Structure formats: structure tokens, C-alpha cells
Amino acid sequence: DAKTTQPNSMESNEEEPVHLPCNHSTISGTDYIHWYRQLPSQGPEYVIHGLTSNVNNRMASLAIAEDRKSSTLILHRATLRDAAVYYCILRKYNNNDMRFGAGTRLTVKP
Amino acid sequence: DTEVTQTPKHLVMGMTNKKSLKCEQHMGHRAMYWYKQKAKKPPELMFVYSYEKLSINESVPSRFSPECPNSSLLNLHLHALQPEDSALYLCASSQDLKVKGTGRDQPQHFGDGTRLSIL
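Attention here is on the structure that accompanies the text. Just so it is clear, the model here is predicted, and its values are computed rather than measured. (Residues numbered from 1 in each chain as written. Chains lettered and ligands numbered in written order. Predicted model: local features only at pLDDT ≥ 70, side-chain atom pairs only at ≥ 80, totals over all residues. Heavy atoms only, no water.)

**Some thoughts on the overall build of chain B**
The criterion, for reference: Secondary structure is summarised from DSSP: a helix means a run of H or I of at least four residues, a strand means a run of E of at least two, and numbering begins at the N terminus for each. For a compact globule the rule gives 2.2 Å times the number of residues to the power 0.38, and the radius of gyration it is set against comes from C-alpha atoms. Relative accessibility decides the category of a residue: with a 1.4 Å probe and only protein chains considered, values under 20% of the type maximum give buried, values over 50% give exposed, and everything between is partly exposed. To be clear on the numbers: accessible area is Shrake-Rupley with a 1.4 Å probe, and residue cover counts the displayed protein chains and nothing else. Counted as positive: Lys and Arg. Counted as negative: Asp and Glu. His and the chain ends are not counted at all. Charge placement uses NZ in Lys and CZ in Arg. For Asp and Glu, CG and CD serve respectively.
Helix and strand content of chain B: zero helices and eleven strands. When the helices and strands of chain B are read in sequence order from the N terminus, they spell out β-β-β-β-β-β-β-β-β-β-β. A compact globule built from 119 residues should have a C-alpha radius of gyration of about 14 Å, and chain B, at 14 Å, falls within 12% of that. Along the first, second and third principal axes, the C-alpha atoms of chain B reach 45 × 30 × 25 Å. Put simply, chain B has 119 residues, and 45% of those count as buried. With the model as given, the accessible surface of chain B reaches about 6,000 Å², and the carbon-plus-sulfur share is 49%. The average position of the 15 basic charges and that of the 12 acidic charges among the side chains of chain B differ by 4 Å.

Listed below in C-alpha cells is the structure:
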């Protein structure tokens, strides 16, 4: 199974953009790129996902490299509430199997 | 508030007790999941149910026994647990991606978990 690599931790200032990187050099053509986050004392929460094209939703943007070997989750204006562990996950199309990597712990400073 | 409800939120039990964790969703999802999460670690997949049938068992010890009595409910029966089983147990649900015609990939929806402590 393809693996993802993320930095252990990142810091950001409130109201500034945050770019969270993820490397997935062994990604296959049928792998979707998912991002989830886990706020303290809560279950993981879906953020965004994509296959080949960049994606935007109300929470974030997902930029996918042309060769799909890396992706970046973009939070346009970080708030204190965005402090969480962010997980980049590969999930095969038409497969219920979803496994978490170590994730990036994001700290947002006021 | 999440759309996946887990009860109880906290559970303390002895190693000889039998207890059950419950999970409920009313989103019409036909895939349901159990994950185990130790402190400061990512969630680890334990079981996956697809249309009320067990489809993935990640070599979980038999002291954990899952059950999916209907499309809305998922249980995890616990018996003779060990102290190292203390963890946060997370339930999730999603559209069943193995069904043809589901189309685009679908996210999982998680509950807030049951925090289990084994004395």
C-alpha cells in the first residue's frame, strides 16, 4: 500500500495562510488523496479530497502536484480553532479501507 | 455535534468484565468502521463492515467482538480486556465504496469516540 510522509509538526500565526505538505511518491492511479483533521478531544473530521485536479471547499484548498507524488493542504486564514492534527491519507477508489499515517500537529499562535 | 453517535463517552472496566460499545448513524451509510487510538498516535483500523457483513478484520484479538445488527448500528463487545487495551475507540461510517455506481470517492464520518480505561 502507498504511504504518506508529513512533517511531525508545524506552527502558524493566526489569520495567516498555512501550507501543510504531504509526500506520497508511491501513489497509484486509483488512489484518492484525503485530508482529515482531529481537534483535541474529538474524532477525525473530513477536510477535503481529490484525485488529480486542485480542489476547493469552504474549509480548505487542496493542491495536487502534476505527477501526484505530493500534495499540499492550504488553510487560507488560520484561526485558533484550526489547531489540530492533520492527516494526509491515500484511499483506493472503490475500497472502504482507509488507514491513517502519523499526521502533522498544527499549532496556531495568536 | 457529529452525525455518528457513540455511547458511552467514557467507560472504566475491570479485566474480567463484559461490556459493549455502541455506535449509531442515520445517514444511510452501509459501511461502518471501528478504529482504536492510543494517546498521541493516529487511529488504527480494527474492523470494517460492508452491508452488515464483516469485510476487514485487522487481526484484532478475539477479546474484541464486533457486531452489526442492522444498517444503522455497530457494536463492539468487550471481554477479558488487558490494561494495554485502554484507548479511545472511534466509530465511523461512509457510503459503501465497494458498490458499483457509488461514483466519486466519499468521506468517512467519525463519532467522538469512547474513552476506555481498563483497570
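**A look at the packing of aromatic side chains**
Stated precisely, the cut-off is as follows: For this analysis, a ring pair means two rings from Phe, Tyr or Trp (six-membered ring only for Trp) whose centres lie within 6.5 Å, classed as stacked if their planes differ by under 30 degrees, edge-to-face if by over 60, and tilted for the remaining angles.
Per the stated rule, a full pass over the model turns up nine aromatic pairs over all chains. Centre to centre, the rings of Tyr-33 of chain B and Tyr-35 of chain B are 6.4 Å apart; their planes meet at 25 degrees, and the pair counts as stacked. Classification of Tyr-33 of chain B as buried rests on a relative accessible area of 0%. With relative accessibility at 0%, the residue Tyr-35 of chain B sits in the buried group. When the ring of Tyr-35 of chain B is compared with that of Phe-110 of chain B, the centres are 5.4 Å apart and the planes differ by 45 degrees; the resulting orientation is tilted. In this pair, Tyr-35 of chain B sits in strand β4 (residues 31–37) while Phe-110 of chain B sits in strand β10 (residues 109–110), placing the two residues 75 residues apart along the sequence. With respect to class, Tyr-35 of chain B is no different from Phe-110 of chain B; both count as buried. Members of the aromatic cluster, connected to one another through ring pairs, are Tyr-36, Tyr-46, Tyr-87 and Phe-100 of chain A together with Tyr-33, Tyr-35 and Phe-110 of chain B.

**As for the nonpolar core**
Residue and element names in this part refer to chain B. Applied cut-off: Side-chain atoms within 4.5 Å link the members of a nonpolar core, which is a set of buried Ala, Val, Leu, Ile, Met, Phe, Trp, Tyr and Cys residues. Every residue pair with non-hydrogen atoms within 4.5 Å of one another is taken to be in contact.
Counting residues in each nonpolar core, the largest one holds 22 residues, and the members touching the most others are Trp-34, Phe-64, Leu-76 and Leu-78. For this core, the secondary structure elements donating two or more residues are β2 (10–13), β3 (18–25), β4, β5 (44–50), β7 (64–70), β8 (73–79), β9 (87–94) and β11 (114–118). Setting aside chain neighbours within four positions, we find Leu-78 in contact with Leu-11, Met-13, Asn-17, Lys-18, Lys-19, Leu-21, Arg-63, Phe-64 and Leu-116.

**Description of the side chain of His-24 of chain A**
All names here are of chain A. Our working rule: The definition of a polar contact used here is a pair of N or O atoms within 3.5 Å, where within protein one atom must be able to donate a hydrogen and the other to accept one, and adjacent residues in sequence count solely through side-chain atom pairs.
By the element assignment, His-24 lies in the loop between β2 (18–23) and β3 (31–38). Residue His-24 is classed as buried on the basis of its relative accessible area, which comes to 0%. Side-chain polar atoms of His-24 contact the side chain of Ser-71, separated by 3.0 Å. When near neighbours in sequence (up to four residues on either side) are disregarded, His-24 contacts Lys-3, Thr-4, Ile-33, Arg-68, Lys-69, Ser-70, Ser-71, Cys-88 and Leu-90.

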